[in-house]
Amino acid sequence: MVTYIQGPRHFSQLVVQNYRYVKHRSSSKSTYWKCHLYDTGVCKARCVIGVDQTVILRGVHSHGPDANVLDDQSVLFKEKLRFMHIRRY
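A few points on the structure.

Criteria and thresholds
- Residues numbered from 1 in each chain as written.
- Predicted model: local features only at pLDDT ≥ 70, side-chain atom pairs only at ≥ 80, totals over all residues.
- Heavy atoms only, no water.
- Helix = DSSP H or I, 4+ residues; strand = E, 2+ residues; numbered from the N terminus.
- Buried < 20%, exposed > 50% of the residue type's maximum accessible area, 1.4 Å probe, protein only.
- Contact = heavy atoms within 4.5 Å.
- Areas by Shrake-Rupley, 256 points an atom, 1.4 Å probe, with all protein chains shown as cover.
- Pairing = 2+ DSSP bridges.
- Polar contact = N/O pair within 3.5 Å; in protein donor to acceptor, adjacent residues only side chain to side chain.

A short note on the overall build of the protein chain
- Across its full length, the protein chain holds one helix and seven strands.
- Along its sequence from the N terminus, the protein chain presents helices and strands in the succession β-β-β-β-β-β-α-β.
- Counting over 89 residues, the protein chain shows a buried share of 34%.
- In the protein chain, the proportion of contacts linking residues at least 24 apart, taken out of those at least 6 apart, comes to 48%.
- Carbon and sulfur atoms form 51% of the exposed surface of the protein chain, whose accessible area is close to 5600 Å².

Here it is as structure tokens:
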């Protein structure tokens, strides 16, 4: 299950397994997300969602999940996606 929330400055964010991601870029085949701490240099984890609704997780988070991430944010919508091809590099 992935959840889209309204983050700071009204940008949507993705929540997967209680980790927050911000949208990095999109193409016709995939949407690329990066950990919300990516630009600070703290965490290099990334997430890719393909047009076939497959979620690919890349990298390992260098921090723990935020158990309260959905309590403090307004949920835009939830979506059940396939985690068939989870890969961690």
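Notes on the environment of Pro-65
- Counting through the fold element by element, Pro-65 comes out in the loop between strand 6 (55–58) and helix 1 (69–72).
- Through-space distance from the C-alpha of Pro-65 to that of Arg-20 is 8.4 Å; in sequence the pair is 45 residues apart.
- Beyond its immediate stretch of four places on either side in the chain, Pro-65 contacts Gln-17, Asn-18 and Tyr-19.

Some details on the pairing of strand 4 (residues 30–35)
- When strand 3 (residues 19–26) meets strand 4, the two strands line up antiparallel, connected through five bridges. Within strand 4, the residue paired with Ser-26 across the bridge is Thr-31.
- Connecting strand 3 to the next strand, strand 4, in antiparallel fashion are three residues.

Details of the side chain of His-61
- With respect to the helices and strands, His-61 occurs in the loop between strand 6 and helix 1.
- A polar contact is formed between the side chain of His-61 and the side chain of Tyr-21, at a distance of 2.9 Å.
- Those residues in contact with His-61 that sit more than four places away from it in its chain are Tyr-19, Tyr-21, Cys-35, Cys-43 and Ala-45.

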